[in-house]
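Residue-level listing of the chains:
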Amino acid sequence: MKTYSINSIGQEKLDRLFGRASCKRNRGITSLVKKILRNVQKSGDKALFAYTEQFDCCRLNNICVQRSETAGSAKIIPQALKRAIGRAILNISAFHKAQKRKEISVATMPGVKCFQKILPIDTVGLYVPGGTAPLFSTVLMLAIPAKLAGCTRIILCTPPGKDGAVASEILYVAQVCGIREIYTVGGAQAIAAMAYGTETIPKVDKIFGPGNQFVTAAKMIVASENSGVAIDMPAGPSEVLVIADSSANPAFIASDLLSQAEHGPDSQTILITTDSSLMTMVKKEISKQIVTLPRREIAMQSLQKSFLFLANSIDESIVLSNRYAPEHLILQVRNPEKWVNKIRNAGSVFLGRWSPESVGDYASGTNHTLPTSGYARSVSGLSLESFQKTITFQKLTKKGLSNIASAVIEMADSEKLEAHGNAVKIRLLSQKS
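Criteria and thresholds
Residues numbered from 1 in each chain as written. Predicted model: local features only at pLDDT ≥ 70, side-chain atom pairs only at ≥ 80, totals over all residues. Heavy atoms only, no water. Helix = DSSP H or I, 4+ residues; strand = E, 2+ residues; numbered from the N terminus. Buried < 20%, exposed > 50% of the residue type's maximum accessible area, 1.4 Å probe, protein only. Contact = heavy atoms within 4.5 Å. Phe/Tyr/Trp six-rings, centres within 6.5 Å; stacked < 30°, edge-to-face > 60°. Lys NZ or Arg CZ within 6 Å of the ring centre and 35° of its normal. Patch = residues over 30% accessible without salt bridge, like charges linked within 9 Å, V, L, I, M, F, W, Y side chains within 5 Å. Areas by Shrake-Rupley, 256 points an atom, 1.4 Å probe, with all protein chains shown as cover. Salt bridge = Lys/Arg side-chain N within 4 Å of Asp/Glu carboxyl O. 1 Å grid on protein atoms, 1.4 Å probe; cavity = no way out; pocket = protein on both sides within 12 Å on 5 of 7 lines; lining within 4 Å. Points joined across faces, edges and corners; volume = space filled by probe spheres on them. Pairing = 2+ DSSP bridges. Arc of directions from axis to C-beta.

Engineer: Explain the overall build of the protein chain to me, please; I cannot follow it from the model alone.
Structural biologist: Secondary structure summary: the protein chain contains 16 helices and 14 strands in total. Considering only C-alpha atoms, the protein chain reaches an extent of 90 × 60 × 45 Å along its principal axes. For the protein chain, buried positions account for 49% of its 433 residues. Considering only intrachain contacts with a sequence separation of at least 6, the fraction spanning at least 24 residues in the protein chain is 76%.

Structure representation (structure tokens):
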């Protein structure tokens, strides 16, 4: 990890460092993803089978996971893991249930009533990454709020392993969360299938879930088209930023940085500290801890894109963090609650030395599907609301229309939209006849 001092680094260099590599998507990725999308749109299941063989190196006869396969997964999962998953379900459910909003009804003026209904999105598609680390925890983060919101149809797409099967952990969590439709397809082709529909996979209204650069690019492209499908957010390679002062534990910081670095070579980790000696100790701890990790090669690739900053104060550190807008922000400082109101841009925040980022990934109750690549400046992490939509209603009485008529007619005339004004005038005239 490279080290920089805020006092000696210019704004241009800082912008380059803060510009995620994943955002600098080369034209080759975009071109390939567009080709995949068009091919799936045109050829449906045939394209899915071909891309599965090409990218996942396995030949499938069926992309629909059978109920017997899902049910059989319960026999494979160790009891200790089942208990851990059960604890996570309770915590995640409790936090997301508490997010339920009240519907509102307001009389904006005499005879004019406006109200709002909150409804679930009908059909949603959940994307769960597979690859080198099948993320069954993502099933929890997507399926629990989808079920709580009352979505009518929930489908799940996830890539197969080399043996053509879906990881037992993913199948088990899907089963306990009540997900019945599971499809063995991953990558940009899975996003295409959910966006356009195929002979087997239904078209959905909204796509959820994180993924690599290809998945993220596919989500962004389909959301910009006239396909009618929405996405949760651009959730790409993982990232963490740690702010620490002299009270911080260097071993804890190193473990937090490595927990994100092991996600993938495109992940990014940053430490901003006010203590130069802490930087040295963190580097030593990283060197010590990384040798024991099974995914150390991946973590090492990630750390080459990561860096440490020496700042003058916690205030300055938070300014830098808000500028970067990290997916995960950890405050290992004295009295971390003191700084909460100054945090403007972050996906999820972890306060104090006893709050590792990994608890949010699995079981604290918050959602781990979060905006990356700086989108935390304007986009929220996944919540119950992400799976809902609102419809507004209004009802006017005769008197109510009379009360508001002059305002509507004046504004319509000013915009030269005469038919708008006439829709009010004709009703007023009918009242007089």
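We are not done yet, so read on.
Engineer: Would you take a moment to explain the packing of aromatic side chains for this structure?
Structural biologist: Counted according to the given criterion, the structure contains 9 aromatic pairs. Judged by centre distance (5.8 Å) and plane angle (80°), the ring pair of Phe18 and Phe309 falls under edge-to-face. Here Phe18, found in helix H1 (residues 11-18), pairs with Phe309, found in strand S11 (residues 307-310); they are 291 residues apart in sequence, far enough to count as distant. Given the relative accessible area of 8%, Phe18 is considered buried. Where Phe307 meets Phe309, the ring centres are 5.2 Å apart and the plane angle is 70°; that geometry is what we call edge-to-face. Accessibility assignment for this pair places Phe307 and Phe309 in one class, buried. Among the aromatic residues, those joined into a cluster by ring pairs are Tyr4, Phe18, Phe307, Phe309 and Tyr324. The aromatic ring of Phe115 is capped on one face by Lys113, whose charged end is 5.3 Å from the ring centroid.

Engineer: Is there a simple way to explain a nonpolar patch on the surface in this structure?
Structural biologist: Among the surface-exposed residues, Leu32, Phe55 and Phe214 lie close enough to one another that they form a single nonpolar patch of about 230 Å² accessible area. The residue Leu32 is located in helix H2 (residues 27-43) in this model.

Engineer: Just checking my understanding: could you explain the layout of surface pockets for this structure?
Structural biologist: Empty space among the atoms becomes apparent when a probe as large as a water molecule is rolled across them. A volume near 220 Å³ is recorded for the second largest pocket. Along its surface, the second largest pocket is lined by 14 residues, and Gly347, Ser348, Leu370, Ser380 and Gly381 are the ones closest to its centre.

Engineer: How should I be thinking about the pairing of strand S12 (residues 328-332) in this particular structure?
Structural biologist: Regular strands have side chains that alternate between both faces of the sheet. In terms of residue burial, S12 counts as a mostly covered element, since 5 of its 5 residues are buried. Neither face of S12 is left uncovered, since the one carrying His328, Ile330 and Gln332 and the one carrying Leu329 and Leu331 both have all their residues buried. Judged from the 5 bridges that link them, strand S9 (residues 239-244) and S12 form a sheet pairing that is parallel. If you follow Val242 over to S12, its bridge partner there is Ile330. Pairing geometry for S12 and strand S13 (residues 348-351), over 4 bridges, is parallel. For Leu331, the partnering residue across the bridge sits in S13 and is Leu351.

Engineer: Where do I start with unusual backbone geometry in this structure?
Structural biologist: Trans peptide bonds make up the majority, and among non-glycine residues the majority have a negative phi. Look at Asn335: it is not a glycine, yet its phi comes out positive at around 50°. Note that Asn335 resides in the loop between S12 and S13. The phi angle at Ser373 is positive, at roughly 60°, despite the residue not being glycine. For Ser373, the position within the fold is in the loop between helix H14 (357-362) and strand S14 (388-396).

Engineer: So what exactly am I meant to see when it comes to H1 here?
Structural biologist: A turn of α-helix holds 3.6 residues, and therefore any two residues three or four places apart point the same way. For H1, the set of buried residues is Leu14, Leu17 and Phe18. Down the axis of H1, the buried side of the element spans an arc of 95°, and every buried residue falls inside it. Packed against the buried residues of H1 are strand S1 (2-5), strand S10 (268-273), S11 and helix H13 (314-324).

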